[in-house]
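What the coordinates show
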Amino acid sequence: MTNTIIEQWQDKPNLELVEFIVERFHQVHRQQLPELKQLALKVEDVHGDHPQAPQGLGEHLDNMLHELESHMMKEEQILFPMLARDIYPSGPISVMEEEHEQHDQDIQKIRMLTNDLTLPEGACGSWQALYRGLAELIQDLNDHIELENTVLFVEQQPVPTHGKDFCCGSCQ
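Residues numbered from 1 in each chain as written. Predicted model: local features only at pLDDT ≥ 70, side-chain atom pairs only at ≥ 80, totals over all residues. Heavy atoms only, no water.

It is the contact of helix 4 (residues 90-113) with helix 5 (residues 125-152), at a shortest axis distance of 11 Å, that shows an interaxial angle of 160°. One finds that helix 4 runs roughly antiparallel with respect to helix 5. Where helix 4 crosses over helix 5, the two elements pack in a sense that is left-handed. Contacts from Glu97, His100, His103, Asp104, Ile107, Ile110 and Arg111 of helix 4 reach helix 5 at Leu134, Leu137, Ile138, Leu141, Asn142, Ile145, Glu148 and Asn149. (Axes fitted to C-alpha atoms, helices over the stretch in contact; angles between N-to-C directions. Helix = DSSP H or I, 4+ residues; strand = E, 2+ residues; numbered from the N terminus. Parallel < 35°, antiparallel > 145°, perpendicular 65-115°, else oblique. Left-handed = near helix turned anticlockwise from the far one by under 90°. Contact = heavy atoms within 4.5 Å.)

Below you can see the structure in the form of structure tokens.
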């Protein structure tokens, strides 16, 4: 994610950011993972004897799908409604940050199973589509996690207004 996007959301209300995250990332992940799982299973089935076939990728993506769905539901049902009201519960935020670390480990396993998304020479269209989709998933997950960890989960301190517990010094 570019710093521009982080900066774009830095000063927006949490409610807007939560709505953006659910629409841009949660809904997209819910589409990506089942499709990628099916592609991975197809590639494993057809090319399982190839030394560079991503053995176990379909199962790994299935596990990720279930873990990520559970994670997103906790965010949508518990954490996001609080954050939308500018309530920053440290316990649930810590749990989500720990789960983000697990998601990063899941990404590293994808990279390991796919030789860092390196296609073998002459890879079929399905294999190519799988690795393109995985690259997109990895980028989206990284962007999603970064936006939550660096913007949404960081309590914003209200900017003091002049005359209310704050003086710029020009009054004296």
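Now for the nonpolar core. If you look at the biggest cluster of nonpolar residues, it comprises 23 residues, and the most contacted ones within it are Leu33, Leu57, Leu61, Ile110, Leu130, Leu134 and Leu137. Contributions of two or more residues to this core are made by helix 2 (14-47), helix 3 (57-84), helix 4 and helix 5. No other element matches helix 5, which puts seven residues into this core. Excluding anything up to four places from it in sequence, Leu130 contacts Leu36, Leu39, Ala40, Val43, Pro54 and Leu57. Core analysis: the second largest hydrophobic core is formed by 16 residues, Ile21, Leu83, Val151 and Phe153 among them. (Core = buried A, V, L, I, M, F, W, Y, C linked by side-chain atoms within 4.5 Å. Buried < 20%, exposed > 50% of the residue type's maximum accessible area, 1.4 Å probe, protein only.)

Opposite charge on two side chains allows them to pair when their charged atoms are near. According to the stated counting rule, one finds six salt bridges in the structure shown. Its salt-bridge partner being Arg24, residue Asp140 comes within 2.8 Å of it at the nearest N-O pair. Of this pair, Asp140 sits in helix 5 while Arg24 sits in helix 2, and the two are 116 residues apart along the sequence. What makes Asp140 buried here is its relative accessible area of 5%. Notably, a salt bridge pairs Glu69 with Arg30, separated by 2.8 Å at the nearest N-O pair. Of this pair, Glu69 sits in helix 3 while Arg30 sits in helix 2; the two residues are 39 residues apart in sequence, bridging distant segments of the chain. (Salt bridge = Lys/Arg side-chain N within 4 Å of Asp/Glu carboxyl O.)

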